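Residue-level structural notes
Residues per chain are reported as follows:
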Amino acid sequence: MALRKPPLRDVHDARGATFTEFGGWDMPVEFESITDEHRAVREEVGIFDVSHMGEIEVAGPDAEALMQRLTTNDVTALDPGDSHYSMITDEDGVIVDDTVVYRLPEGDEAEFLFVPNAGHDEQMHEHWTAHRNEWDLDATVSNATDEYAMFALQGPDAPELLGEVAEESILDLQKFEAKYATVAGVECWTARTGYTGEDGFELVLPAAEAETVWEALDCQPCGLGARDTLRLEMGFLLSGQDFDHEDDPRNPYEAGVGWTVKLDTEFVGRDALERVEAEGVEEEFVGIKLVDRGVPRHGYDVTNTDDVIIGQVTSGTMSPTLGEPIALGYVPTEYADPGAVVNVVVRGQSKKAKIANTPFLSD
Amino acid sequence: MSFDVPADRKYMESHEWVTDADDTAKVGITDFAQDELGDVVFVELPDEGDDLTKDEEFGVVESIKAVSDLYSPVNGTVVAVNEALADQPELVNDDPFGDGWMLEVELDDDSGMDDLLSADEYREQIE
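Residues numbered from 1 in each chain as written. Chains lettered and ligands numbered in written order. Predicted model: local features only at pLDDT ≥ 70, side-chain atom pairs only at ≥ 80, totals over all residues. Heavy atoms only, no water.

**Observations regarding the overall build of chain A**
What counts, and what does not: In this text, helices come from DSSP runs of H or I with a minimum length of four residues, and strands from runs of E with a minimum of two, each type numbered from the N-terminal end. Here the radius of gyration uses the C-alpha set of atoms, whereas the globule reference equals 2.2 Å times the residue count to the power 0.38. We call a residue buried when its accessible area falls under 20% of the maximum for its residue type, exposed when it is over 50%, and partly exposed in between, using a 1.4 Å probe and counting protein chains only. Should any heavy atoms of two residues lie within 4.5 Å, those residues are considered in contact. A 1.4 Å probe and the Shrake-Rupley method give the accessible areas. Residues count as covered only by the protein chains that appear here. Under the convention used here, Asp and Glu are negative, Lys and Arg are positive, and both His and the chain ends fall outside the count. Charged side chains are reduced to one point each, which is NZ for Lys, CZ for Arg, CG for Asp and CD for Glu.
When you go through chain A residue by residue, the secondary structure sums to 8 helices and 19 strands. In terms of C-alpha radius of gyration, chain A reaches 20 Å, essentially the compact-globule figure of 21 Å for 363 residues. If you line up chain A on its principal axes, its C-alpha atoms span 60 × 50 × 40 Å. Taking all 363 residues of chain A together, 59% fall into the buried category. If you take every contact in chain A between residues at least 6 apart in sequence, the share linking residues at least 24 apart comes to 64%. Here chain A has roughly 14600 Å² of accessible surface; of this, 44% comes from carbon and sulfur atoms. Averaging the locations of the 25 positively and 75 negatively charged side chains of chain A gives two centres separated by 7 Å.

**A short note on the sheet that holds strand β8 (residues 76-81) of chain B**
Residues and elements named next belong to chain B. To keep it simple, the criterion reads: Here a strand pair is declared whenever DSSP counts at least two bridges between the two strands.
Strand order in the open sheet formed by 6 strands is β1-β2-β3-β9-β8-β5, and the pairing between neighbours is antiparallel. Each edge of the open sheet is held by one strand with a lone partner, namely β1 (9-11) and β5 (51-52). Note: β1 against strand β2 (residues 16-19), 3 bridges, orientation antiparallel. Residue pairing for β2: arginine 9 is matched across the bridge by threonine 19.

**Things to note about the sheet that holds strand β16 (residues 309-318) of chain A**
Residue and element names in this part refer to chain A. What counts, and what does not: Axis lines are fitted to C-alpha atoms, over the contacting stretch for helices. Their N-to-C directions set the angle, which ranges from 0 to 180 degrees.
One closed barrel holds the 6 strands; their spatial order is β14-β17-β16-β15-β18-β19, and the pairing between them is antiparallel. For this sheet, the mean inter-axis angle between neighbouring strands, taken without regard to orientation, is 40°. By the bridge criterion, 6 bridges tie strand β18 (residues 341-346) to strand β19 (residues 349-356) in an arrangement that is antiparallel. For valine 341, the partnering residue across the bridge sits in β19 and is lysine 354.

**Considering the pattern of salt bridges**
All names here are of chain A. As a reminder, the rule being used: One side-chain nitrogen of Lys or Arg within 4 Å of one carboxyl oxygen of Asp or Glu is enough to make a salt bridge.
If you walk through the whole model with that rule in mind, you get 25 salt bridges over all chains. Measuring nitrogen to oxygen at the nearest pair gives 3.5 Å for the salt bridge that ties aspartate 13 to arginine 9. Here aspartate 13 and its partner arginine 9 are both found in helix α1 (residues 9-14), 4 residues apart, which amounts to about one turn of the helix. By relative accessible area, aspartate 13 is classed as partly exposed at 42%. Look at arginine 9 and you get buried, because its relative accessible area is 16%. Of the charged contacts in the structure, one is a salt bridge between arginine 103 and glutamate 64, with a shortest N-O distance of 2.4 Å. With arginine 103 in strand β6 (residues 95-103) and glutamate 64 in helix α3 (residues 63-70), this pair connects stretches of sequence that are 39 residues apart.

**Focus: the pairing of strand β2 (residues 25-30) of chain A**
All names here are of chain A. The element β2 is largely enclosed, with a buried count of 6 among its 6 residues. In terms of strand pairing, strand β1 (residues 18-22) meets β2 through 5 bridges, oriented antiparallel. Following the sheet pairing, threonine 20 is matched in β2 by methionine 27. The antiparallel hairpin formed by β1 and β2 contains 2 residues in its connecting segment, where glycine 23 sits at a positive phi of about 60°.

**Focus: the nonpolar core**
Keep this limit in mind: Put simply, buried Ala, Val, Leu, Ile, Met, Phe, Trp, Tyr and Cys residues joined by side-chain atoms within 4.5 Å make one nonpolar core.
Core analysis: the biggest nonpolar cluster contains 28 residues, and Phe48(A), Val50(A), Tyr102(A), Met150(A), Trp189(A) and Val41(B) have the highest contact counts within it. Those elements giving two or more residues to this core turn out to be α2 (34-43), β6, β7 (112-115), β9 (148-154), β11 (186-191) and α7 (224-234) of chain A together with β4 (40-44) of chain B. No other element matches β9(A), which puts 3 residues into this core. Discounting residues that sit within four places of it in the chain, Met150(A) has contacts with Phe48(A), Asp49(A), Val50(A), Ser51(A), Met53(A), Glu55(A), Val115(A), Glu202(A), Leu203(A) and Val204(A). Phe31(A), Ala158(A), Leu203(A) and Leu217(A) belong to the second-largest nonpolar core, a separate cluster that totals 27 residues.

Set out below in structure tokens:
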């Protein structure tokens, strides 16, 4: 199957980016160097093309009811212009996807916009429409992924840069608030959200206007490589890697995002998750720091000090900020306390490691 | 993009270089290889005194995005290891044919050097 291309694929190519397949999309992985891009975001500002993320719009009288029944967080708590992080779970309480849900301003054609992960937009569109039909709700569901570009402007200087280019003030936006702002003459849904741990914004805009906005936000372009090292330093989940509905099924409590589950609402998976919440989990998502030298990677075994396999690394890298090897993964709860000594098996060699608090940068 | 391929050494298809010597040679990876790997963050090398066998693994180089095995271009014995790479693996990116060298090897009589690619042959492979 042909890879889907972000609107600016050729612009990035001309800029010298290298590309990788991600969720069925041909995305820039690196422009200059992953560490340079990473540092730009931690210390100044960088911009990511994240047009591979999905956009699903939900409208109509029962839009809120549909969103409430398919996501774990409480959408009734969202005022227009608010957003929150949420999970989409199956009947067994297993995470199908994670997402950010936006309640759009009154008067907008749609009431909600949510952002599934790369390659999940069609699946989520089907999931929403099937349940709408089953529950006989009055709501329209539109997969607008191909209509929009999405950029993430991230870093301590992001507010200043966007503030210079946006016609409306964006500095009044609090974290997880959003509004329409005109950037280089283009109306952008502008949210103070992001995936790097830094201050910054995510902009959803018409695909046809992507280049205008990209050029106006003139700063270090960053690829998926830096996006991964930045999110990993924060301990943020990556769909398909830190959880996978088929290959590594996890519930939100195991994955450390139980706070997104509002058991006083009704949603698919609620009853299963109520049981998990009451009984507790057997494994927890933890940070791991290697004490010995080496680089932990996805799929490497985690062992106890008797060399018995107790878990796996789901994500790992050499932290560009810390200069230390860090990882995320699942271990049994008895090994999950920060400071507990474990091993990570790096290409057959057992490397000493310790369970660590996340975000790693706060240590 | 054009890559540096010094004429005073020989090359493997797997992108290691070795200085063209009769007794003691240096070993590293090429400019092309470091560019393909991206930011090098870790290099695992053998110890001094270890024997190397041509075409067999002698270590690992890791960038943020990839892991790559290192293959010995020659038969010989490791007489020096570039200790600077432990703290500054980025030297492999910055200066792959100079400060980013990896090993110094005392060559066996049958070093296998003659089978390696010349600079021109290697340049053809990567272009």
